[in-house]
Amino acid sequence: NAGVTQTPKFRILKIGQSMTLQCTQDMNHNYMYWYRQDPGMGLKLIYYSVGAGITDKGEVPNGYNVSRSTTEDFPLRLELAAPSQTSVYFCASWRGNGYTFGSGTRLTVV
Amino acid sequence: TQLLEQSPQFLSIQEGENLTVYCNSSSVFSSLQWYRQEPGEGPVLLVTVVTGGEVKKLKRLTFQFGDARKDSSLHITAAQPGDTGLYLCAGYNTGNQFYFGTGTSLTVIP
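1. Quick word on the state of the cysteines
Turning to step 1, where the next piece is worked out: Taken as a whole and assessed by the stated rule, the structure comprises 2 disulfides over all chains.
Turning to step 2, where the next piece is worked out: Note on cysteine connectivity: Cys23(A) is disulfide-linked to Cys91(A), with sulfurs 1.8 Å apart. What sets the handedness of the Cys23(A) and Cys91(A) disulfide is the S-S torsion sign, and at about -70 degrees it is left-handed. Here Cys23(A), found in strand E3 (residues 19-25), pairs with Cys91(A), found in strand E9 (residues 87-94); they are 68 residues apart in sequence, far enough to count as distant. Accessibility assignment for this pair places Cys23(A) and Cys91(A) in one class, buried.
Turning to step 3, where the next piece is worked out: Cys23(B) shares a disulfide with Cys89(B); S-S distance 2.1 Å. Between Cys23(B) and Cys89(B), the S-S torsion sits near 75 degrees, and that sign places the bridge as right-handed. Pair noted here: Cys23(B) is in strand E3 (residues 19-24) and Cys89(B) is in strand E9 (residues 85-93), with a separation of 66 residues, a long-range link. A single burial state applies to Cys23(B) and to Cys89(B), both of which are buried.

Written as structure tokens, this is what we have:
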């Protein structure tokens, strides 16, 4: 009963580096999401997917990319890390009446 | 523009006290949810309300959806240290757009 699993838990990147945040769910949910959470700013939607092969931009997509080759996996890619991308990132799936979130990735860009 | 405003932003109370957290909007929401987020974890869904005036109870937590479906409240009776966390409201407006509130950080002191 894993739900939504995110890796890594913590990561420090240097400016300009790239990385992929992994997200996988075992509930066979079609809808998946990436949010970032900054202090006092709530959760902002980066990208979402309504099913394998379909992705769309959210409120704050700049600097990020996603792919959805399978129902289970929804990785988030940062190509050229910037200090403004320092945040906590949450992956989530939608279960009909609400979100199931992963435990988050705390990313620091220095 | 923040569509869902929560108040207070921070709340620190003694164990055993009662408290109310508010979630307000100028827009009508077709449904509204409340989540609790503990440090280092993702938000966890507590309840969904869909009908104006609806009241739902979850042990010591009472959730109410406003008659006009523009606001909601969360009341906790006899708060316990385990209630400590960030409380987030979220919901779909009538344009089918989903928003998270700014959050209320609650600390219950033993």
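2. Overview of the sheet that holds E3(B)
Residue and element names in this part refer to chain B.
Turning to step 1, where the next piece is worked out: One open sheet holds the 5 strands; their spatial order is E1-E3-E8-E7-E6, and the pairing between them is antiparallel. On the outer flanks of this sheet lie strand E1 (5-7) and strand E6 (55-58), each paired with one strand and no other. Mean inter-strand twist for the sheet, computed between neighbouring axes without regard to direction, equals 15 degrees.
Turning to step 2, where the next piece is worked out: Where E3 and strand E8 (residues 71-76) come together, 6 bridges link them in antiparallel fashion. Residue pairing for E8: Leu19 is matched across the bridge by Ile76.

Reading guide: rules and limits
- Residues numbered from 1 in each chain as written.
- Chains lettered and ligands numbered in written order.
- Predicted model: local features only at pLDDT ≥ 70, side-chain atom pairs only at ≥ 80, totals over all residues.
- Heavy atoms only, no water.
- Disulfide = S-S within 2.5 Å.
- Helix = DSSP H or I, 4+ residues; strand = E, 2+ residues; numbered from the N terminus.
- Buried < 20%, exposed > 50% of the residue type's maximum accessible area, 1.4 Å probe, protein only.
- Pairing = 2+ DSSP bridges.
- Axes fitted to C-alpha atoms, helices over the stretch in contact; angles between N-to-C directions.

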